[in-house]
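Topology and contacts: notes
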Amino acid sequence: MSDQIKFIVDNLNKEPFRKNYNLITFDSLEPMQLLQVLNDVLAEIDPKQVVDIREEMPEQTAKRMLSLLGILKYKPPGNATDMSTFRQGLVIGSKPVIYPVLHWLLQRTNELKKRAYLARFLIKLEVPSEFLQDETVADTNKQYEELMEAFKTLHKECEQLKTSGFSTAEIRRDISAMEEEKDQLIKRVERLKKRVETVQNHQRMLKIARQLRVEKEREEFLAQQKQEQKNQLFHAVQRLQRVQNQLKSMRHAAADAKPESFMKRLEEEIKFNFYMVTEKFPKELESKKKELHFLQKVVSEPAMGHSDLLELESKINEVNTQINQLIEKKMMRNEPIEGKLSLYKQQASIISRKKEAKAEELQEAKEKLANLEREVSVKTNQTREFDGTEVLKGDEFKRYVSKLRSKSTVFKKKHQIIAEFKAEFGLLQRTEELLKQRHENIQHQLQTIEEKKGISGYSYTQEELERVSALKTEVDEMKGRTLDNMSEMVKKLNSLVSEKKSALAPVIKELRQLRQKCQVSKFDLLYFCILSCSDVLKLREKQKAVRESHGPNMKQAKMWRDFEQLMECKKQCFLKQQSQTPMGQVIREGGEDRLVL
């Protein structure tokens, strides 16, 4: 107990209380002052509790404190009997009651502040079911629940941001980086605008692009709206199936009913109503009358002060002492008959309490059944407006539910994986932006240094050299690949030529045999063979050479035509020599032929 008081005094002397107590002065506080200290601690947790308890009725003070302690989830020690003692001690400012409460509150002040703040928005207001039948009340209650869920989400995001470790310096740096990036984007947009203005019909193209963007956004909105309508339709179909299933089960139960079951049910209901009318309701009425009489008596009496409460407490203690003495005297007598009677009375009271509890449970069950019957009647009227569809039965519905659960589990896992990927993507994207910004800053610093040193453009030249070197490497690789392809093509052409040669070998042999007979046409045949070989040997290098040396080829073609004319001339000369008397002598010297007449 001393450690508890020391902890309370130490915390009350600190901020924000500054009570300046010691163990003696705190322990010597009067009950009213102790209650004020407790109220100050509660006011630090919830500012709405700032009240001077001297200006407030004791019952209101106790009710207010008990309500807040219930919200803060304070659990007094003991059972229900101790709860009444706790309430009474809270009203009179009893130290054994106040000290544990102060110790518990001061141990977790920050946590309780958060809980009290959240309680203002998250304690749900229970609306009776009969009021929810009104559409306006139901819509308002639905909006209230949606706002509560939205508050939960926003509070969770706020807590995550608080614990994420972002500092104001980092946020400012990010803001400055984003502003610089914004300026760069504005400059880039201006450059693009100037470049676009030179294009013909750029206004029309911009208008078409704007219309395309609007249509894409509209398409996304319509797709989202379509998905929402599909979900609503799916839920409506599910509700309809459930209601139809309930309707079928009720019709089945009504069809299987027998007069004996109805009579038995009516007898049970009559017995229950008889018990309620003859025993339960009269007792409740009597207790309510006593409570009303007691409250009227309390209202008629003047307001009690602290001294009156102390006097009343002393009287209660005296009466409790007398009761204990009478119980001890009764136990000293130890009369067996009275002991048996007390045992029987105790058993009878237990049975009576159980009976009352079961009656209350039965009454609540009947009320729930009536509410469900009203809901079924409403759903029945709604189902009459729809066409009849097949309703899933017991086993089929269970299988359908199990399949939905498995799909839901898979969906949650996939959704979690997607969320992780999105988070990682956002982190990588942000890292890329920061690296780009850092690169641009370094480039700017490098340009400044180059200008100071008088070597402006050195880094750009170095980058261009590296780029050209890389391009040269790529070109060399392409050349290597081209040479390999050409060598393969040459091999293929050589094999094709060899095949053609093998195919032409019989023809050549035959031509050799007929050469003497067809000397007149040997030059034409030679020309034909050269042309056929030229068709086969179409290499890529020859095509390139033809493109590059068109003029020399034309000259060569002219020379070839001249050669043909020369050969034709020799042919005519030879024919004339064979048919006529030789008119001269042909002399060959130095690779030349001369005709001497």
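Before reading on, note that the structure itself is shown above.
Here's a quick rundown of the structure. (Residues numbered from 1 in each chain as written. Predicted model: local features only at pLDDT ≥ 70, side-chain atom pairs only at ≥ 80, totals over all residues. Heavy atoms only, no water.)

Attention now moves to the overall build of the protein. Looking only at helices and strands, one finds 18 helices and two strands in the protein. Split into buried and exposed, the 597 residues of the protein put 13% on the buried side. (Helix = DSSP H or I, 4+ residues; strand = E, 2+ residues; numbered from the N terminus. Buried < 20%, exposed > 50% of the residue type's maximum accessible area, 1.4 Å probe, protein only.)

Along its 13 residues, helix H6 (residues 95-107) runs 18 Å from first to last C-alpha, staying within 8% of the 18 Å computed at 1.5 Å per residue. All buried positions along H6 are accounted for by Val 97, Ile 98, Tyr 99, Val 101, Leu 102, His 103, Trp 104, Leu 105 and Leu 106. (Expected span 1.5 Å × (residues − 1).)

A word on helix H8 (residues 135-163). Taking 1.5 Å of rise per residue, the 29 residues of H8 would be expected to cover 42 Å, and the 42 Å separating its terminal C-alpha atoms lies within 8% of that figure. All of the buried residues in H8 are Asn 141, Met 148, Phe 151 and His 155. Among the structural elements, helix H7 (109-122) are those in contact with the buried residues of H8. (Contact = heavy atoms within 4.5 Å.)

With that settled, the discussion passes to the packing of aromatic side chains. Applying the stated criterion across every chain, the model contains eight aromatic pairs. Each ring, one from Phe 121 and one from Phe 151, has its centre 4.7 Å from the other, and the planes form 35°; the classification is tilted. Of this pair, Phe 121 sits in helix H7 while Phe 151 sits in helix H8, placing them 30 residues apart in sequence. Counting every residue linked through ring pairs, the aromatic cluster contains Tyr 21, Phe 26 and Tyr 99. (Phe/Tyr/Trp six-rings, centres within 6.5 Å; stacked < 30°, edge-to-face > 60°.)

The next thing to look at is the packing of H7 against H8. Closest axis-to-axis distance for the H7/H8 pair is 10 Å, and the angle between their directions is 155°. Classified by the interaxial angle, the pair formed by H7 and H8 is roughly antiparallel. Residues Lys 114, Tyr 117, Leu 118, Phe 121 and Leu 122 of H7 form the contact with H8, whose participating residues are Met 148, Phe 151, Lys 152, His 155 and Glu 159. (Axes fitted to C-alpha atoms, helices over the stretch in contact; angles between N-to-C directions. Parallel < 35°, antiparallel > 145°, perpendicular 65-115°, else oblique.)

Time to look at the packing of helix H1 (residues 2-13) against H6. Angle between the axes and distance between the axes are the two parameters that describe a pair of packed helices. It is at 10 Å that the axes of H1 and H6 come closest, and there the two elements cross at 55°. With respect to each other, H1 and H6 are oriented oblique. In the crossing of H1 with H6, the sense of the turn from one axis to the other is left-handed. Here Gln 4, Ile 5, Phe 7, Ile 8, Asn 11 and Leu 12 of H1 come into contact with H6, specifically with Tyr 99, Pro 100, Leu 102, His 103, Leu 106 and Gln 107. Its residues assigned to classes, the contact of H1 with H6 comprises eight nonpolar, four polar and no charged. (Left-handed = near helix turned anticlockwise from the far one by under 90°. Nonpolar A, V, L, I, M, F, W, Y, C, P; charged D, E, K, R; others polar.)

This paragraph deals with the pattern of salt bridges. Summed over the entire model, instances satisfying the criterion amount to 14 salt bridges. Linking Glu 44 and Lys 113 is a salt bridge whose minimum nitrogen-to-oxygen distance equals 2.9 Å. Here Lys 113 lies in helix H7 and Glu 44 lies in helix H3 (residues 31-45), a separation of 69 residues in the sequence. Given a relative accessible area of 27%, Glu 44 falls into the partly exposed group. Assessed through its relative accessible area of 29%, Lys 113 is described here as partly exposed. The closest approach of N and O atoms between Lys 558 and Asp 562, which form a salt bridge, is 3.6 Å. One end of the pair is Lys 558 and the other is Asp 562, both in helix H18 (residues 550-579) and four residues apart, which spans about a single turn. (Salt bridge = Lys/Arg side-chain N within 4 Å of Asp/Glu carboxyl O.)

Turning next to the side chain of Gln 49. Inspection of the secondary structure puts Gln 49 in the loop between H3 and helix H4 (58-71). Of the polar contacts made by the side chain of Gln 49, one reaches the side chain of Arg 64; its length is 2.7 Å. (Polar contact = N/O pair within 3.5 Å; in protein donor to acceptor, adjacent residues only side chain to side chain.)

This part is about the state of the cysteines. Across all of its chains, the model carries zero disulfides by this definition. Of all cysteine sulfurs in the structure, the one in Cys 573 sits closest to Cys 569, which takes part in no disulfide; the separation is 4.2 Å. (Disulfide = S-S within 2.5 Å.)

Let's shift gears to the nonpolar core. Taken as a class, soluble globular proteins show a tendency for nonpolar side chains to be buried jointly. Membership of the largest hydrophobic core comes to 32 residues, with the highest contact counts inside it found for Leu 12, Phe 26, Leu 38, Leu 72, Leu 102 and Leu 105. Those elements that place two or more of their residues in this core are H1, H3, H4, helix H5 (80-92), H6 and H7. Considering each element in turn, this core owes the most residues, eight residues, to H6. Excluding anything up to four places from it in sequence, Leu 72 contacts Ile 45, Trp 104, Leu 105, Leu 112, Arg 115 and Ala 116. (Core = buried A, V, L, I, M, F, W, Y, C linked by side-chain atoms within 4.5 Å.)

What follows concerns the environment of Leu 12. Summarising the element assignment, Leu 12 is placed in helix H1. C-alpha of Leu 12 to C-alpha of Val 37: the two residues are 25 residues apart in sequence and 9.0 Å apart in space. Filtering out sequence-adjacent residues up to four positions away, Leu 12 remains in contact with Phe 17, Arg 18, Lys 19, Tyr 21, Phe 26, Val 37, Val 41 and Leu 106.

Attention now moves to a nonpolar patch on the surface. A cluster of nonpolar side chains, namely Phe 131, Leu 132 and Val 137, defines an oily patch on the protein surface of about 230 Å² accessible area. Its location among the elements puts Phe 131 in the loop between H7 and H8. (Patch = residues over 30% accessible without salt bridge, like charges linked within 9 Å, V, L, I, M, F, W, Y side chains within 5 Å. Areas by Shrake-Rupley, 256 points an atom, 1.4 Å probe, with all protein chains shown as cover.)

Once that is clear, we can look at unusual backbone geometry. For the peptide bond that leads from Glu 15 to Pro 16, omega is 0°, which places it in the cis range. Its location among the elements puts Pro 16 in the loop between H1 and helix H2 (23-27). Positive phi, close to 55°, is recorded for Arg 18, a residue that is not glycine. When you line up the elements, Arg 18 lands in the loop between H1 and H2. Look at Asn 20: it is not a glycine, yet its phi comes out positive at around 60°. Mapped onto the fold, Asn 20 is located in the loop between H1 and H2. The exposure class assigned to Asn 20 is exposed, which follows from its relative accessible area of 69%.

Here we take up a negative patch on the surface. Taken together, the side chains of Glu 179, Glu 180, Glu 181, Asp 183 and Glu 440 define an acidic patch exposed on the protein surface. For the negative patch, the element with the highest residue contribution is helix H9 (residues 168-197), accounting for four residues. Mapped onto the secondary structure, Glu 180 falls in helix H9. (Lys, Arg positive; Asp, Glu negative; His and termini not counted. Charge placed at Lys NZ, Arg CZ, Asp CG, Glu CD.)

Take a positive patch on the surface next. Together, Lys 187, Arg 188, Arg 191 and Arg 195 make up a positively charged patch on the protein surface. Here Arg 188 lies in helix H9.

In this section: the side chain of Asp 46. Position of Asp 46 relative to the elements: it lies in the loop between H3 and H4. Of the side chains with opposite charge, Lys 48 lies nearest to the buried Asp 46, which makes no salt bridge, at 4.7 Å. Beyond its immediate stretch of four places on either side in the chain, Asp 46 contacts Leu 68 and Ala 116.

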